[in-house]
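Here's the letter readout for the chains.
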Amino acid sequence: MKAVVVYQSLWGNTAAIARAIAEGIGGDTAVLSTAEATGEAIAGADLIVAGSPLMGFTLPSDKMVRSVRDNPGNPPEPPDLSHPSMRTWLDALPKGKGRSAAFETRIWWSPGSAAKKISRGLEAAGYAPISKHARFVVTGRCGPLRDGEVEKARQWGAELAEAMR
Ligand SMILES: Cc1cc2nc3c(=O)[nH]c(=O)nc-3n(C[C@H](O)[C@H](O)[C@H](O)COP(=O)(O)O)c2cc1C
């Protein structure tokens, strides 16, 4: 089975969750930023797992990411702006045939969802959901992840692999 985990991440929280999910899936599951997840890199994927932070109560756009760049506030470290938003990546996702799962990182009490939109985008490209989407919690505006979330992500990855069997 070819599985890939694709992420957008400004401060590394979503990237850390993506790595843990890939560990849970096992095999040689690739972990790719939205810049690395080219049509060629994901071609023939049986399972695409994709995730992003929840921002402004929704799936962030490139415009929203630019506004973080231009109005950084007081983040612990500069945001990683090396890859496009998940929204842009989904808009350009080539049609395929496989299964999918979506996740988001977020503050626990926030309204809104990024993962629902990711799930819809993956499905529209031909990757039918294999699981309900997952949420992983950060304790502040730019992280860090709440204790236990990385383990939870690993477990979810293992469950996805099981569901694919
Ligand atoms: C400009 C901005 C807007 C945000 N909006 C939300 C939000 O609406 N809901 C929420 O739960 N978290 C929100 N967050 C918190 C992010 O979801 C959280 O920082 C995320 O886990 C960061 O992931 P990353 O380190 O992978 O970029 C926001 C953070 C920033 C910087």
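Residues numbered from 1 in each chain as written. Predicted model: local features only at pLDDT ≥ 70, side-chain atom pairs only at ≥ 80, totals over all residues.

Tallying secondary structure elements over the chain gives six helices and six strands in all. In terms of C-alpha radius of gyration, the chain reaches 15 Å, essentially the compact-globule figure of 15 Å for 165 residues. Principal-axis analysis of the C-alpha atoms places the extent of the chain at approximately 45 × 35 × 25 Å. Within the chain, buried positions represent 44% of all 165 residues. Within the chain, residue pairs in contact and separated by at least 24 positions form 78% of the contacts whose partners lie at least 6 positions apart. (Helix = DSSP H or I, 4+ residues; strand = E, 2+ residues; numbered from the N terminus. Rg over C-alpha atoms; globule rule 2.2 N^0.38 Å. Buried ≥ 20, exposed ≤ 12 C-beta atoms within 10 Å, placed from the backbone. Contact = placed C-beta atoms within 7 Å.)

What follows covers the site of the ligand. Within the structure, the ligand sits among 22 residues, and Ser-9, Trp-11, Asn-13, Thr-14 and Ser-110 are positioned closest to it. Among the secondary structure elements, those contributing two or more residues to the shell around the ligand are helix H1 (13-25) and strand S4 (98-107). Considering only residue class, the shell around the ligand consists of 11 nonpolar, nine polar and two charged. (Near = placed C-beta within 6 Å. Nonpolar A, V, L, I, M, F, W, Y, C, P; charged D, E, K, R; others polar.)

The next thing to look at is the pairing of strand S1 (residues 3-7). Taken residue by residue, a regular strand's side chains alternate between the two faces of the sheet. Buried residues dominate S1, accounting for five of its five residues. Residues Ala-3, Val-5 and Tyr-7 line one face of S1 and the alternating positions Val-4 and Val-6 line the opposite face, and both faces are buried. Bridge analysis of S1 against strand S3 (residues 47-53) gives five bridges, and the strand direction is parallel. For Val-4, the partnering residue across the bridge sits in S3 and is Ile-48. Of the pairings in the sheet, the one linking S1 to strand S2 (residues 30-33) comprises four bridges and is parallel in character. Residue pairing for S2: Val-6 is matched across the bridge by Leu-32. (Pairing = 2+ DSSP bridges.)

Another point: helix H5 (residues 115-124). Within the span of H5, buried status applies to Ala-115, Lys-117, Ile-118, Ser-119, Gly-121 and Leu-122. If you follow the buried residues of H5, they end up packed against S3, helix H4 (86-91), S4, strand S5 (127-129) and strand S6 (134-138). Two residues or fewer past H5, Gly-126 is found with a positive phi of approximately 105°.

It is worth spelling out the nonpolar core at this point. Among the nonpolar cores identified, the biggest contains 43 residues, and Val-4, Val-6, Ile-21, Ile-48 and Ile-118 are the most heavily contacted of them. Among the secondary structure elements, those contributing two or more residues to this core are S1, H1, S3, H4, S4, H5, S6 and helix H6 (149-164). Looking at this core, the element that brings in the most residues is H1, giving eight residues. (Core = buried A, V, L, I, M, F, W, Y, C linked by C-beta atoms within 7 Å.)

Checked against the element boundaries, Ser-119 lands in helix H5. Placed 29 residues apart in sequence, Ser-119 and Gly-148 show a C-alpha to C-alpha distance of 24 Å. When residues no more than four places from it in sequence are discounted, the contact partners of Ser-119 are Ser-100, Ala-102, Pro-129 and His-133.

It is worth spelling out the environment of Gly-44 at this point. One can find Gly-44 in the loop between helix H2 (39-42) and S3. Judged by the 10 C-beta atoms lying within 10 Å of it, Gly-44 falls in the exposed class. Residues Gly-44 and Val-68 lie 24 residues apart in sequence; the distance between their C-alpha atoms is 34 Å.

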